[in-house]
Amino acid sequence: MNHYLLIKQKNLNTLEESKLCECICDIEQTQDKISFTYAEEGLEGRVHVVFHESECFIERHAEITTHLHFIENRRTSGFVESEYGAFVLEIFTHKYKKWNEVIALEYDILSGEEITDSFRLMFRIKKLA
């Protein structure tokens, strides 16, 4: 079913904000998950997102392939792969909340015990009439 999709990202260290996606998207919604795929604006990439009750997966396929896994208040790992090789990415998710038409993620990228970056992702998903 078609939905309006808006995804915004904020770097919580630099406070830089960006709009990652604003489009009409076919969203699959069942009792226990929400999933969709969208094309990145201005890039040759596709992103697949799956929201479950207690965890979220984001896969990006472009010049760099990224697989991220989020569970609130837990440390998880993902990976990044490019023409230069692949590496594991450690993530700590502070917030994973879903309410009404909004899903929010706040997380840190870790190097050992050190935080290298912090982000907020906001997904607005609105069913079209």
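The structure we're discussing is the one just above.
Cut-offs used in this document
Residues numbered from 1 in each chain as written. Predicted model: local features only at pLDDT ≥ 70, side-chain atom pairs only at ≥ 80, totals over all residues. Heavy atoms only, no water. Helix = DSSP H or I, 4+ residues; strand = E, 2+ residues; numbered from the N terminus. Areas by Shrake-Rupley, 256 points an atom, 1.4 Å probe, with all protein chains shown as cover. Lys, Arg positive; Asp, Glu negative; His and termini not counted. Charge placed at Lys NZ, Arg CZ, Asp CG, Glu CD. Buried < 20%, exposed > 50% of the residue type's maximum accessible area, 1.4 Å probe, protein only. Contact = heavy atoms within 4.5 Å. Polar contact = N/O pair within 3.5 Å; in protein donor to acceptor, adjacent residues only side chain to side chain. Phe/Tyr/Trp six-rings, centres within 6.5 Å; stacked < 30°, edge-to-face > 60°. Salt bridge = Lys/Arg side-chain N within 4 Å of Asp/Glu carboxyl O.

Trainee: For this particular structure, what's the right way to read the overall build of the chain?
Mentor: Summing up its helical and strand segments, the chain has 0 helices and 11 strands in all. Each helix and strand of the chain, ordered N terminal to C terminal, gives the series β-β-β-β-β-β-β-β-β-β-β. For the chain, the C-alpha atoms occupy an extent of roughly 45 × 30 × 30 Å along the three principal directions. Surface exposure of the chain reaches about 7,900 Å², of which carbon and sulfur atoms provide 49%. Side-chain charges of the chain comprise 15 positive and 23 negative groups, with the mean position of each set lying 8 Å from the other.

Trainee: Would you take a moment to explain the environment of Y96 for this structure?
Mentor: With respect to the helices and strands, Y96 occurs in strand β9 (residues 85-99). The class for Y96 is buried, based on a relative accessible area of 6%. When the C-alpha positions of Y96 and G112 are compared, they lie 22 Å apart, and in sequence the two are 16 residues distant. Apart from the residues within four sequence positions on either side, Y96 is in contact with F51, H52, E53, S54, E55, C56, E72, I103, A104 and L105. At 2.7 Å, the side chain of Y96 and the backbone oxygen of H52 are in polar contact.

Trainee: What is the right way to look at the packing of aromatic side chains in this model?
Mentor: Two measures describe an aromatic ring pair: the distance that separates the ring centres and the angle between the ring planes. This model, assessed by the stated rule, comprises 7 aromatic pairs. A ring pair is formed by F51 and F123, whose centres lie 5.0 Å apart and whose planes are at 80°; its orientation type is edge-to-face. Taken as a pair, F51 in strand β5 (residues 46-52) and F123 in strand β11 (residues 114-127) lie far apart in primary sequence, 72 residues in all. Across the pair, F123 and F51 agree in class, each one buried. In this structure an aromatic cluster arises from ring pairing among F36, Y38, F51, Y96 and F123.

Trainee: What is the right way to read the pattern of salt bridges from this model?
Mentor: Any two side chains of opposite charge can pair if their charged atoms end up close together. Under the definition given, this model contains 11 salt bridges. For E113, the salt bridge identified is with R75, shortest N-O distance 3.1 Å. Of the two residues, E113 sits in the loop between β10 (102-111) and β11 while R75 sits in strand β8 (residues 74-82), which places them 38 residues apart along the sequence. Since its relative accessible area comes to 35%, R75 is described here as partly exposed. The network of salt bridges with common partners includes E40, R60 and E63.

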